[in-house]
Amino acid sequence: MKNEHLNNSTIFPLGQKANAAYFVGDAYLQMVSTDPAPLNAVIGNVTFAPGARNNWHSHNVGQVLLVTGGEGWYQEEGKAARLITTGDVINIPPNVKHWHGATNDSWFVHLAITPGETQWLEPVDNEWYNQLSM
Ligand code: MN
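Criteria and thresholds
- Residues numbered from 1 in each chain as written.
- Predicted model: local features only at pLDDT ≥ 70, side-chain atom pairs only at ≥ 80, totals over all residues.
- Heavy atoms only, no water.
- Helix = DSSP H or I, 4+ residues; strand = E, 2+ residues; numbered from the N terminus.
- Buried < 20%, exposed > 50% of the residue type's maximum accessible area, 1.4 Å probe, protein only.
- 1 Å grid on protein atoms, 1.4 Å probe; cavity = no way out; pocket = protein on both sides within 12 Å on 5 of 7 lines; lining within 4 Å.
- Points joined across faces, edges and corners; volume = space filled by probe spheres on them.

1. Some words on unusual backbone geometry
Following Ala 37, the chain continues to Pro 38 via a peptide bond in cis, the omega torsion being 0°. Tracing the sequence through the fold places Pro 38 in the loop between strand E3 (27–33) and strand E4 (42–48). At Asn 95, a residue that is not glycine, the phi angle is positive and equals roughly 60°. Position of Asn 95 relative to the elements: it lies in the loop between strand E9 (89–92) and strand E10 (98–102). Given the relative accessible area of 56%, Asn 95 is considered exposed.

2. Looking at the layout of surface pockets
A volume near 410 Å³ is recorded for the largest pocket. Lining the largest pocket are 22 residues; nearest its centre among them are Leu 29, Gln 63, Thr 114, Thr 118 and Trp 120. Every element with two or more residues in the lining of the largest pocket is listed here: E3, E4, strand E6 (57–59), strand E11 (108–114) and strand E12 (118–120). It is E4 that provides the largest number of residues to the lining of the largest pocket, a total of 4 residues.

Right under this line is the structure:
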C-alpha cells in the first residue's frame, strides 16, 4: 500500500488495518488516546484509502470528527451525503444512523472522538456510494 498521498495531510501514524467487519475497502486505525480521564472518550485517527468507508452505524453518546486530510463523505440516514474536507468538524448526535468515508478518488483522514458505544449496522450500498461521485 502506497501512502505518499498522505505525507502532507496527516500527523498521526497510519496504524493498523481497521476491522473488516465494519469497513469496506482499505481503512486504517491508530488509537491516539484511550485514557478514561480526563475525557471519558477514545480518540482514534482513521485513514481511508480512496473508495473506503465504514458501514452504517450509530453512537449512543454521539461522536465528533475532526477532518485532517483529504476529501470524504458524511451522511446521516434520510439526508443527503455531505462532501467534507480538511478542517471540517462534524458533530454527530447520539443514536443518529450515519456513515463516513473517503470519496472514490481521494484519501481521507479524520480524528474520531467517541464517548460511549458504537452500534455497527449494514454496509453502505455500493450503487449508492458509487453514484455520489458522478
Ligand atoms: Mn461515526
